[in-house]
Every structure is written in C-alpha cells, then in structure tokens.
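Commentary on secondary and tertiary structure
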Amino acid sequence: MIHITLQKELIAAHGTMLLDINIDIQRGSLVTLYGDSGAGKTSILRMISGLLAPDKGSITVNQKTWLDTEKRIHQKPQHRKVGYVFQDYGLFPNMTVKENLLYALEKGQSKNTVTELIDTIELGDLQDRKPEKLSGGQKQRVALARALVRTPEILMLDEPLSALDNTMRAKLQDYILKVHKQYNLTTILISHEISEVIKMSDQVFVIENGKIKKQGSPIEVFTTKQMSGKFQFSGEVVHIEKEDVIYIVTILIGTNFVKIVAEETEIGTIAIGDKVIVASKAFNPLLQKVH
Amino acid sequence: MNILEGKITDINTHGSVSLVTLQIGPVSFNTIVIETPDTVSYLKKEHIVKVAFKETEVIIGKNHDHSISIQNKVVAKILDIEKGTLLSKLTLGTSVGKIIAIITTNAAQQLQLHIGEEVTTMIKTTEIMLSQ
C-alpha cells in the first residue's frame, strides 16, 4: 500500500492555490490523475519523486517512509525508487538506445535487466540507433524502458502519450499495460483522455484546483448517471450531420469510429470534440462468431 | 432520447436480470434490465427513476386494442409531424408526458397520420433504460 498526504501552496494562473490531497494506492494497481492543466497533477508526481518539497505531508511506500515533514524525514530523489516518463522523452541524444538504458543502471546492477527490457518492449531492432533516428512512439518506448531499468516501486507517467497519434497511442498503452502487469508495478498515470483512463486504470482521481474532486473506478467516475444500459462506451464526438429529421453523430471510441442516430433534443449542446457516453441496452447488439 | 420519470412499484429478479414495473402518471410500464437491487442503488421499490428510450424505438398503432406482445402502451395525440424524405418525426402528447417518435415516412403515409389524431404509442420492454 502507498499512502500519500501532501499539502503545498502553489503558484497558479490566478494567484496561489493550496494543493491538499490524501491518496491511498493499492500495490500493483494502475491509477490515473485526471484533471485540467494547472490542477496540480504534475506537482503531485514531482513531490512523490522528491523533486519538489511539500509544505506538509507524508509518503509511505510499502511500509517505507519516503517523506514525513513532522519527523523531518525527506528521502533524496535518488533514494526513492521511482521511474518517471515525461511527454518529451528526455533521452540522451548522444547515446544509442541501448546506451541510454545502460546509463540508467545502478552500480553493480546486472546488465541482464537491460537485455530483458529490450526484449519485453521489443527494442531489439532499435537498440543501436540514436534517439534522433526514432519516431515519437519509439522514443517513448525507450523512455518507458529506461524508467524501468531500476525496477521502480512506483512508475510515474506524466502524459506520456499526448504527443502521439491515435494508433501509436493505443500501441504504447498496450506496452504500458504489459510492463505494468509483468513487473507487478504500481503505476501513476496523468492523462486527459477519458477513453485512455477507462482502458488503463483501476482507479481514477479527479483533481480540481489542487483537491480530489472525485475518485473511484473510471466507469463510476465518468458515467455521471448510473444507467442500466450495459453496452456502454465513452468517446469523443468527431462529426455531426443532419439527415432528414435525425442527426448522425460519428464518435471515436478508442481507435474505432461508430455512428449513432440521435434526435435534435438528444444532441442538445453536444458539439464536435465533446466527450460523450454511448449507451445501449445489452438486448440490442448482435453477436456473430468470426471465422 | 425520450426521458420520463417513474416510480418503481415492483421488481422481479431472476439471476442477474430484473423485470421492473414502473408507475408513470396513470400508466404502468415494464422494463427488463441486467441489474439487480444488489448491483445498483436506484433499483428499489418506491424510488423515482428516469425512464429513457430512443425515439426510433417507439411504435405507433392506430387502433386501441391491439393483441400484441408489447406491454408498454399509452394513448397519445399527435401534436406535430415533421416529414423527411425517409424518416418522419412525430411529437406526441400523452398522459405520461411528451414523447417523440421517429418512424419511416412510408409508415406515416400508410397509416395516414395527421395532426390531432389519437394513436397508441408502444415501447418494447427490452428497449427501456433506467437511470437515477
């Protein structure tokens, strides 16, 4: 179990903001911090990793105290076992993929860790290339592998996928889920994408102005009304077209497009780019075996 | 989406499926859902819930005493007809509130529907969703 209590006054866009959170994370789970920019999500990760000191708080990770301001315990970042992946990769440009990974090894740590990670994250063909020769998705895979070299107790992913296109994003999500399970990691993800949160996380914390506004399983949190429709997905509206007396709404769910017929009152204020829940009764869909 | 408000009067659960009876105004409606009183908090007798169904799932009949497998029936007066090439939208005034139906323009023509006429509005039990 990981207990995190943090308080810190942060400088926000409109004056100061008090970040005040209390989070419990089950070992081995993947949790998401969801919220607008400036809500304090990155500051939380920075305080967990020790890069930013809170005004008050405590962090215990599997019975070890990383931070306790009352007892004046403040473990240095290098003594906290965290892996950190940012949006902008942060790879050393003058080193090859493999050298980037080897550089992250601790003193005395076996090089086998790197070989195994290259295997797991399928970097074999890329290992001798320099970062500039890699695509965004490939660089992010290397960054993910590097974050895992020291077998962290907490893997932190700060919007790692937001610069990637949808196909690449879905692939990276699968890699993250794979290593999360394979290495039994406890993972904290920051994400803006509801569909990503639903796919990836066991639990989501909605952060607003430095406070936890809501928490629970993604479906509980994002379906505002509990609806009895069992065929439920969340997606983003990409197109709305009027046909006769109805509207045809195209929605991107994960990497699939679906079309939904809607009536004028149902459309209401829904516009392109809005996040929506698509729900139907479980009685309607047809099921056919694919040969 | 048509949304009405109803009070749960009976819940008949078998396995993970429940047949829920609702009182909506003077009319009784039934819906079948894959939920039980243990899986959702709103599924309790006397609870007021939202009853939702799609406009395209509303069936229109012309006479009142149909021998038909659809249990949810309510008498309606046609308030408005908006005819499109393929589909038409009917606005219906009923004792449970306003209901919108989308049917084919062919069907509307065959039934010779006109504003002010009284019809029966029907919704299949498996097409009704409940929410808090």
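Residues numbered from 1 in each chain as written. Chains lettered and ligands numbered in written order. Predicted model: local features only at pLDDT ≥ 70, side-chain atom pairs only at ≥ 80, totals over all residues.

Detailed reading of the predicted coordinates is not advisable wherever pLDDT is low. Looking at chain A as a whole, the pLDDT averages 89, with 98% of positions reaching at least 70. Looking over chain A, one finds the lowest element-wise mean pLDDT in helix α7 (residues 218-222) of chain A, namely 79, and the highest in strand β3 (residues 30-34) of chain A, namely 96. (pLDDT = per-residue confidence, 0-100. Helix = DSSP H or I, 4+ residues; strand = E, 2+ residues; numbered from the N terminus.)

Strand pairing within a sheet occurs via backbone hydrogen bonds; the two strands may be parallel or antiparallel. Residues and elements named next belong to chain B. Read across the open sheet, the 5 strands follow the order β3-β2-β1-β4-β10; overall the sheet is antiparallel. Looking at the sheet topology across the chains shown, the edges are occupied by β3 (27-33) and β10 (129-131). Across the sheet, the mean angle from the axis of one strand to that of its neighbour is 45°, orientation sign disregarded. (Pairing = 2+ DSSP bridges. Axes fitted to C-alpha atoms, helices over the stretch in contact; angles between N-to-C directions.)

Where a protein is soluble and globular, its nonpolar side chains tend to be buried together. In terms of nonpolar packing, the biggest core is built from 58 residues, with Ile48(A), Leu144(A), Ala145(A), Ile154(A) and Met156(A) touching the most fellow members. Counting residues per element, this core draws most heavily on helix α4 (residues 136-148) of chain A, which supplies 6 residues. Counting residues in hydrophobic clusters, the runner-up holds 35 residues, among them Phe29(B), Val33(B), Ala52(B) and Met129(B). (Core = buried A, V, L, I, M, F, W, Y, C linked by C-beta atoms within 7 Å. Buried ≥ 20, exposed ≤ 12 C-beta atoms within 10 Å, placed from the backbone.)

Here we take up the packing of α4(A) against helix α5 (residues 166-182) of chain A. The description of two packed helices rests on the angle between their axes and on the distance between the axes. Residue and element names in this part refer to chain A. Direction vectors running N to C along α4 and α5 enclose 15°, while the axes themselves pass 10 Å from each other. What the angle tells us is that α4 and α5 run roughly parallel. Considering only the axes of α4 and α5, their crossing is right-handed. Across the interface between the two elements, Gly136, Gly137, Gln140, Arg141, Leu144 and Leu148 from α4 touch Met168, Lys171, Leu172, Tyr175, Ile176 and Val179 from α5. Looking at the contact of α4 with α5, its residues break down into 7 nonpolar, 3 polar and 2 charged. (Parallel < 35°, antiparallel > 145°, perpendicular 65-115°, else oblique. Left-handed = near helix turned anticlockwise from the far one by under 90°. Contact = placed C-beta atoms within 7 Å. Nonpolar A, V, L, I, M, F, W, Y, C, P; charged D, E, K, R; others polar.)

With that out of the way, let us pick up α5(A). Residue and element names in this part refer to chain A. Helix length check: α5 (17 residues) gives 24 Å between terminal C-alpha atoms against 24 Å at 1.5 Å per residue, within 8%. Among all positions of α5, only Arg169, Leu172, Gln173, Ile176, Val179 and His180 are buried. For α5, the angular spread of buried residues about the axis comes to 135°, placing them on one side. Facing away from the buried side of α5 by more than 90 degrees, the exposed set consists of Thr167, Asp174, Lys181 and Gln182. Buried residues along α5 sit against β3, α3 (112-120), α4, β8 (154-158), β9 (186-191) and α6 (194-200). Phi turns positive one or two residues past the end of α5, at Asn184, with a value near 45°. (Expected span 1.5 Å × (residues − 1). Arc of directions from axis to C-beta.)

On the side of chain B, 23 residues touch chain A, which itself brings 16 residues to the contact. Across the side of chain A that touches chain B, the residue classes break down as 7 nonpolar, 3 polar and 6 charged.

Residues and elements named next belong to chain A. Its identity is not glycine, yet Gln63 carries a phi of approximately 70°, on the positive side. Among the secondary structure elements, Gln63 is positioned in the loop between β4 (56-61) and β5 (64-68). Owing to 7 C-beta atoms within 10 Å, Gln63 belongs among the exposed residues under this scheme. Look at Asn184: it is not a glycine, yet its phi comes out positive at around 45°. When you line up the elements, Asn184 lands in the loop between α5 and β9.

Residue and element names in this part refer to chain B. In space, the 5 strands of this open sheet follow the order β5-β9-β6-β7-β8, with antiparallel pairing throughout. With partners counted over all chains shown, the strands left at the sheet margins are β5 (58-61) and β8 (97-104), one partner each. Each strand axis lies, on average, 45° off the axis of its neighbour in the sheet, ignoring direction. Direction of pairing for strand β6 (residues 72-83) relative to strand β9 (residues 118-123): antiparallel, over a ladder of 6 bridges. Bridged to Ala76 within β9 is Val119.

This paragraph deals with helix α1 (residues 41-49) of chain A. Among the residues of α1(A), those classed as buried are Lys41(A), Ser43(A), Ile44(A), Leu45(A), Met47(A) and Ile48(A). Positive backbone phi, at 90°, marks Gly50(A), one or two positions downstream of α1(A).

Turning our attention to the environment of Val206(A). Residue and element names in this part refer to chain A. Position of Val206 among the secondary structure elements: in strand β10 (residues 203-208). C-alpha separation for the pair Val206 and Phe222, spaced 16 residues apart in sequence, amounts to 9.8 Å. Look past the residues within four positions of Val206 in its chain and what remains in contact with it is Tyr34, Gly35, Ile212, Lys213, Lys214, Gln215 and Val221.

Confidence along chain B averages 92 in pLDDT terms, with 98% of residues attaining 70 or more. Scored as a whole, the predicted complex attains pTM 0.62, and scored at its interfaces, ipTM 0.77.

Taken residue by residue, a regular strand's side chains alternate between the two faces of the sheet. Residue and element names in this part refer to chain B. Pairing analysis gives 8 bridges linking strand β7 (residues 87-94) to β8, with the strands arranged antiparallel. By the bridge assignment for β8, Lys89 is matched with Ile102. The turn linking β7 back onto β8 is made up of 2 residues.

Residue and element names in this part refer to chain A. Assignment of secondary structure puts Tyr84 in strand β7 (residues 82-85). For Tyr84, a count of 21 C-beta atoms within 10 Å gives the class buried. For the pair Tyr84 and Arg46, spaced 38 residues apart in sequence, the C-alpha separation works out to 9.4 Å. Filtering out sequence-adjacent residues up to four positions away, Tyr84 remains in contact with Ser49, Ala147 and Met156.

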